[in-house]
Amino acid sequence: MNRRAFLGLSALAVTHGTLASEMAASIAGRDPGPLARVQTTHGADIVTASLTDKASTVSLRRWMLDGDVPILRVNAAGILAKLPGQGQADQVALVLAHDEEVRHLYLTAVTSRVCAVDWTTAGRIASQPGAYAHRADFLATRFAKEALNPRDSGARWCSSVMLRELSPMIGRSPA
């Protein structure tokens, strides 16, 4: 691990450490309850992923594919997407491509975070990017940067989808 990545993870651990530790413990105990209650943040997912062992990834994969509620599925996908390496990236991408509820929640979270907009606005942008043609250049710039995020395969996938949707409008929005 390089120094910058270590310091970044250390800073996230200070902010999200308690929640992430609780989430990692519930995952290790095969208890999906905490992950089914509220959508976790990007930072909490990164720290939780750093605490997740190989045995826990089995539970996360199962919940991502077969979880009873969309929040459980998106949280499991979010943690798997942030595991070191790219071992889970293909499975996360398949879920995002085929599970509409998970895709909407993940797209909304990525849009809110990278475009610095509130959750409601992010949900509208994710659902109807064409309605934001006047902001296409701004949005595309943000998503282009996120499409290179080495720490979140789900965010890369979502950003690529948003870039595809925005591409006909790029360069046409008023200055």
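Throughout this description, residue numbers start from 1 for each chain and increase along the sequence as written. Local features in this predicted model are restricted to residues whose pLDDT is 70 or higher, and side-chain atom pairs enter the listing and the counts only when it is 80 or higher, whereas totals over whole chains, interfaces and linings include all residues. Excluding hydrogens and water, the side-chain figures rest on all heavy atoms present in the structure.

Caption draft 1: Quick look at the overall build of the protein chain. Per the convention used, a helix needs a DSSP run of H or I reaching at least four residues, while a strand needs a run of E reaching at least two, with both numbered from the N terminus. The secondary structure content of the protein chain amounts to nine helices and zero strands. For the protein chain, the sequential pattern of α-helices and β-strands runs α-α-α-α-α-α-α-α-α. Counting over 175 residues, the protein chain shows a buried share of 46%. Excluding contacts between residues fewer than 6 apart, the proportion of contacts in the protein chain whose partners are at least 24 apart in sequence is 69%. Surface exposure of the protein chain reaches about 9,200 Å², of which carbon and sulfur atoms provide 56%. Relative accessibility decides the category of a residue: with a 1.4 Å probe and only protein chains considered, values under 20% of the type maximum give buried, values over 50% give exposed, and everything between is partly exposed. Any two residues whose heavy atoms approach within 4.5 Å are treated as being in contact. For every accessible area listed, the method is Shrake-Rupley and the probe measures 1.4 Å; residues are considered covered only by the protein chains on display.

Caption draft 2: A look at the layout of surface pockets. The definitions used throughout rest on a 1 Å grid laid over the protein atoms alone, on which a cavity is an enclosed set of points accommodating a 1.4 Å probe that cannot get out and a pocket is an open set flanked by protein within 12 Å on both sides along at least five of seven lines; lining residues are those having an atom within 4 Å of a point. Grid points are joined across faces, edges and corners, and a volume is the space filled by probe spheres set on the points. In this model, the second largest pocket occupies a volume close to 200 Å³. Looking at the second largest pocket, it is lined by 16 residues, and the ones nearest its centre are Gln39, Thr40, Thr41, His42 and Ala109. Counting only elements with at least two residues in the lining of the second largest pocket, the list comes to helix 2 (42-51), helix 4 (70-81) and helix 6 (100-115). Sort the elements by how many residues they give to the lining of the second largest pocket and helix 6 lands first, with five residues. Three categories are distinguished: nonpolar for Ala, Val, Leu, Ile, Met, Phe, Trp, Tyr, Cys and Pro, charged for Asp, Glu, Lys and Arg, and polar for the others, with Gly belonging to the last. Taken together, the residues of the lining of the second largest pocket sort by class into five nonpolar, seven polar and four charged.

Caption draft 3: Highlighting the environment of Ile170. Here Ile170 is to be found in the segment after helix 9 (153-166). Counting along the chain gives 33 residues from Ile170 to Asp137, while the straight-line C-alpha distance between them is 5.3 Å. Leaving out residues up to four positions away in the same chain, Ile170 has contacts with Ala136, Asp137 and Ala140.

Just distances and angles here, no functional claims.
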